[in-house]
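# Close look at the chain arrangement
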Amino acid sequence: MRTVDPKKREAKTRAILKAAIGCFRKHGFHQTGMAEICKAAKTSPGALYHYFKGKDEIIQAIAEQEQREVNAYFEVLRVSKNFKKSLFEFIAEMIKEACHRPDNILSTEIFAEGTRNKNIAKIIEKSEGEILDGLTSILKEAAEQEKITLALSPEETARTIMIFIYGTSTMALIARDLNTKQLIRLTEENLSYILHDKANL
């Protein structure tokens, strides 16, 4: 059996995911077929199915890729000397992504697909659950290390942060003239009521 170079396989996987995301943005998740993805990725159906058996597996790979990116930022938070500043930078980046209309529309469509497709629903539940658990763990560690004082429990604080992020995502769908910088500032001001630096107490 021919062995596949792991680096080449990884590069091909990234290329297929990039092509798939482009197709999803252009045609919509539900309307995009594997044939369109093959054409965009410049690969044959046989080669494509060697990497992904269907759109559900592509969504799984996209979720895993995003999770790795979030986990990398979580590690930055863990070693940050100014936890609150770094946390707010993370929240700001998440809000910017949530307000980026092409990604926003795609994410919303995938979430909607999750209400009809059990496999997609499981992927979403797992991905969002891991983000919530990771953020809760980091907030708990920061509070225990006295980097920050929380007005709510770590899990309640994490859920509140995610509510703000998802709330901005919904607003961005219906308000094309949304001022992202203003929204970030309002979010930080509101979260300051439940997140306190020790120095500011």
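Reference entry: report on the structure contained in this document. (Residues numbered from 1 in each chain as written. Predicted model: local features only at pLDDT ≥ 70, side-chain atom pairs only at ≥ 80, totals over all residues. Heavy atoms only, no water.)

### Regarding the packing of aromatic side chains
Let me state the cut-off plainly: Pairing of aromatic rings covers Phe, Tyr and the six-membered ring of Trp, with a centre-to-centre limit of 6.5 Å; geometry is then stacked below 30 degrees between planes, edge-to-face above 60, and tilted otherwise. Only DSSP runs of H or I reaching four residues or more are called helices, and only runs of E reaching two or more are called strands; each is numbered from the N terminus. Three labels apply to residues, based on accessible area from a 1.4 Å probe with only protein chains included: buried if under 20% of the type maximum, exposed if over 50%, partly exposed otherwise in between.
The full count for this structure, using the stated rule, is four aromatic pairs. For the ring pair Phe74 and Phe90, a centre distance of 5.6 Å and an interplane angle of 55° mean the geometry is tilted. Of this pair, Phe74 sits in helix α4 (residues 55-79) while Phe90 sits in helix α5 (residues 83-98), and the two are 16 residues apart along the sequence. As far as burial versus exposure is concerned, Phe74 and Phe90 are alike and both buried. Between Phe111 and Tyr166, the aromatic rings sit 6.5 Å apart at their centres with planes inclined by 65°, giving edge-to-face as the arrangement. Note that Phe111 is positioned in helix α6 (residues 101-114) and Tyr166 in helix α8 (residues 154-174), a separation of 55 residues in sequence. Using a relative accessible area of 39% as the deciding quantity, one classes Phe111 as partly exposed. Judged by its relative accessible area of 36%, Tyr166 is partly exposed.

### Describing the packing of α5 against α8
For clarity, the threshold we go by: Angles here are taken between N-to-C directions and fall from 0 to 180 degrees, while the axes themselves are lines fitted to C-alpha atoms, restricted in helices to the stretch in contact. These descriptions rest on fixed angle ranges, namely under 35 degrees for roughly parallel, over 145 for roughly antiparallel, 65 to 115 for roughly perpendicular, and the rest for oblique. Here is the rule for handedness: rotate from the far helix to the near one, and if that takes an anticlockwise turn smaller than a right angle the crossing is left-handed, while a clockwise turn gives right-handed. Whether two residues are in contact is decided by their heavy atoms, any of which lying within 4.5 Å being enough. Under the scheme applied, nonpolar residues are Ala, Val, Leu, Ile, Met, Phe, Trp, Tyr, Cys and Pro; charged residues are Asp, Glu, Lys and Arg; polar residues are all the others, including Gly.
One way to put it is that α5 packs onto α8 with a least axis distance of 8 Å and a crossing angle of 25°. Taken as axis vectors, α5 and α8 run roughly parallel relative to one another. Along this stretch, α5 crosses α8, giving a crossing that reads as right-handed. Two secondary-structure elements touch here, α5 through Leu87, Ile91, Met94, Ile95 and Ala98 and α8 through Ile161, Ile165, Thr168, Ser169 and Ala172. Residues that form the contact of α5 with α8 fall into these classes: eight nonpolar, two polar and no charged.

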